[in-house]
Amino acid sequence: MQDIGIGTDIEDVRRFENLRDPAFAAFLKKNFTQTELDYCLSKDSPASHLAARYAGKEAVIKALSSLNITHIFYPVIEIVNNERGVPCVRINTEYNEKLHIKLSLSHSSGMALAFCIIIQEA
Amino acid sequence: MASFDENTIKNIFCEVLGIPAEEVTDTLAYNSCVQWDSLKHLQMVAMFEEKFDIEIDMDDIIAMENYGKVKEILHKYLT
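Residues numbered from 1 in each chain as written. Chains lettered and ligands numbered in written order. Predicted model: local features only at pLDDT ≥ 70, side-chain atom pairs only at ≥ 80, totals over all residues.

Chemist: Can you help me understand the confidence of the model for chain B in this one?
Modeler: Predicted coordinates in regions of low pLDDT should not be interpreted in detail. All names here are of chain B. In this model, chain B carries a mean pLDDT of 94, and residues with pLDDT of at least 70 account for 99%. Averaged pLDDT values over the elements of chain B bottom out at 93 in helix H3 (residues 58–63) and peak at 97 in helix H4 (residues 67–77). Of the two predicted TM-score estimates for the complex, the pTM is 0.89 and the ipTM is 0.81. (pLDDT = per-residue confidence, 0-100. Helix = DSSP H or I, 4+ residues; strand = E, 2+ residues; numbered from the N terminus.)

Chemist: It is not clear to me how the sheet that holds strand E5 (residues 111–121) of chain A should be interpreted in this structure. Could you clarify?
Modeler: Residue and element names in this part refer to chain A. Pairing within the open sheet is antiparallel, and its three strands lie in the order E1-E5-E4. With one partner strand each, in any of the chains shown, strand E1 (2–12) and strand E4 (98–107) form the two edges of the open sheet. Direction aside, the axes of adjacent strands within the sheet are offset by 15° on average. Taken together, the 11 bridges between E1 and E5 define a ladder with antiparallel strand orientation. Residue pairing in the sheet places Gly7 in a bridge with Cys116 of E5. (Pairing = 2+ DSSP bridges. Axes fitted to C-alpha atoms, helices over the stretch in contact; angles between N-to-C directions.)

Chemist: Could you clarify how one ought to interpret the nonpolar core in this entry?
Modeler: Looking at soluble globular proteins, one finds that nonpolar side chains tend to be buried together. Residue and element names in this part refer to chain A. The biggest cluster of nonpolar side chains holds 24 residues, and the ones touching the most others in it are Ala51, Ala55, Ala59, Val60, Leu103, Ala114 and Cys116. Counting residues per element, the ones that place at least two in this core are helix H3 (46–66), strand E2 (77–81), E4 and E5. If you tally residues by element for this core, the top one is H3, at 11 residues. Contact partners of Ala51, with chain neighbours within four places excluded, come to Glu11, Val13, Phe16, His107 and Ala112. (Core = buried A, V, L, I, M, F, W, Y, C linked by C-beta atoms within 7 Å. Buried ≥ 20, exposed ≤ 12 C-beta atoms within 10 Å, placed from the backbone. Contact = placed C-beta atoms within 7 Å.)

Chemist: Any chance you could explain helix H2 (residues 38–52) of chain B here in plain terms?
Modeler: Since there are 3.6 residues in each turn of an α-helix, residues three or four apart along the chain are aligned in direction. For H2(B), spanning 15 residues, the distance from its first C-alpha to its last is 21 Å, which sits close to the expected 21 Å at 1.5 Å a residue. Every buried residue of H2(B) is accounted for by Leu42(B), Gln43(B), Met44(B), Val45(B), Ala46(B), Met47(B), Phe48(B) and Phe52(B). Buried residues along H2(B) sit in contact with helix H1 (22–31) of chain A together with helix H1 (6–17), H3 and H4 of chain B. Immediately downstream of H2(B), the backbone of Asp53(B) shows phi near 55°, a positive value. (Expected span 1.5 Å × (residues − 1).)

Chemist: Just checking my understanding: could you explain the interface of chain A and chain B for this structure?
Modeler: Much of the literature gives interface size as the accessible area that the parts lose upon coming together. Between chain A and chain B, the residue contacts involve 10 residues of the former and 11 residues of the latter. Counting residues per element, the side of chain A that touches chain B draws most heavily on H1(A), which supplies six residues.

Chemist: Explain the packing of H1(A) against H2(B) here, please?
Modeler: How two helices pack is summed up by the angle between their axes together with the distance between the axes. Contact geometry of H1(A) with H2(B) gives a least axis separation of 8 Å together with a crossing angle of 90°. As summarised for this structure, H1(A) and H2(B) are arranged roughly perpendicular, according to the angle between their axes. Contact residues: Ala23(A), Phe24(A), Ala26(A), Phe27(A), Lys30(A) and Asn31(A) in H1(A); Leu42(B), Gln43(B), Ala46(B), Met47(B), Glu49(B) and Glu50(B) in H2(B). Considering only residue class, the contact of H1(A) with H2(B) consists of seven nonpolar, two polar and three charged. (Parallel < 35°, antiparallel > 145°, perpendicular 65-115°, else oblique. Nonpolar A, V, L, I, M, F, W, Y, C, P; charged D, E, K, R; others polar.)

Chemist: Help me out: how do you make sense of unusual backbone geometry in this one?
Modeler: Excluding glycine, residues mostly carry a negative phi; peptide bonds, for their part, are mostly trans. A positive phi is found at Asn68(A), a non-glycine position, where the angle reads about 65°. Among the structural elements, Asn68(A) can be located in the loop between H3 and E2. For Asp53(B), which is not glycine, the phi dihedral falls at a positive 55°. Relative to the helices and strands, Asp53(B) is located in the loop between H2 and H3. Residue classification places Asp53(B) among the exposed positions, given that 11 C-beta atoms sit within 10 Å.

Chemist: Is there a simple way to think about the packing of H1(B) against H2(B) in this case?
Modeler: All names here are of chain B. Interhelical geometry of H1 versus H2 gives an angle of 145° and a closest axis separation of 10 Å. As for how H1 packs across H2, the hand of that crossing is right-handed. Of H2, the residues touching H1 (which contributes Thr8, Ile12, Phe13, Val16 and Leu17) are Lys40, Gln43, Met44, Met47, Phe48 and Lys51. (Left-handed = near helix turned anticlockwise from the far one by under 90°.)

Chemist: What should I look at first to understand the environment of Ile77(A) in this one?
Modeler: Residue and element names in this part refer to chain A. For Ile77, the location among the structural elements is in strand E2. According to the C-beta neighbour criterion, Ile77 is buried, with 26 such atoms within 10 Å. In the structure, Ile77 is positioned 17 residues away from Val60 in sequence and 8.1 Å away in space, judged by C-alpha atoms. Dropping the residues within four chain positions of it, Ile77 is found in contact with Lys57, Val60, Ile72, Val89 and Ile91.

See below:
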């Protein structure tokens, strides 16, 4: 028996440009892993990548929520690219559900988009 | 850990949401304030944690649905 959850999110890239703002810096430190920050901040356009990662976390949370899973939150959701550049989701906390998470990210200069599908095995 | 200070909380609301202090009342709510979205919510939570040197539980972060509730929750951590 399987159940499927879906989630999507879209973010304005400009909102991720103010790296020197104290509130934004505190937000990044709390909600992104060091691996995610190292990856995003190594890019020519960190804001696009930060926005896409954040949209990805939102999409994962929405997909989890559609499966009535509400105990997994931003800081423990880590999105890292595999060797082919495909974003993969790691949940860095203990959880009992059997989940298969698929995530797609996209961004232009202005907007970042994420779509997530989660298959939960009973 | 710092002590409870409503002015600090209000200043964080004004700074992060970009609204004047007179608009920050107990009824100011997540679902009715256009500036208060999930990104701003997490930025405010991060600021509360930094300013007050506390760590806020996930359930409390979700429960912070209006300014009055935010004060009530932070009071719990700061007393």
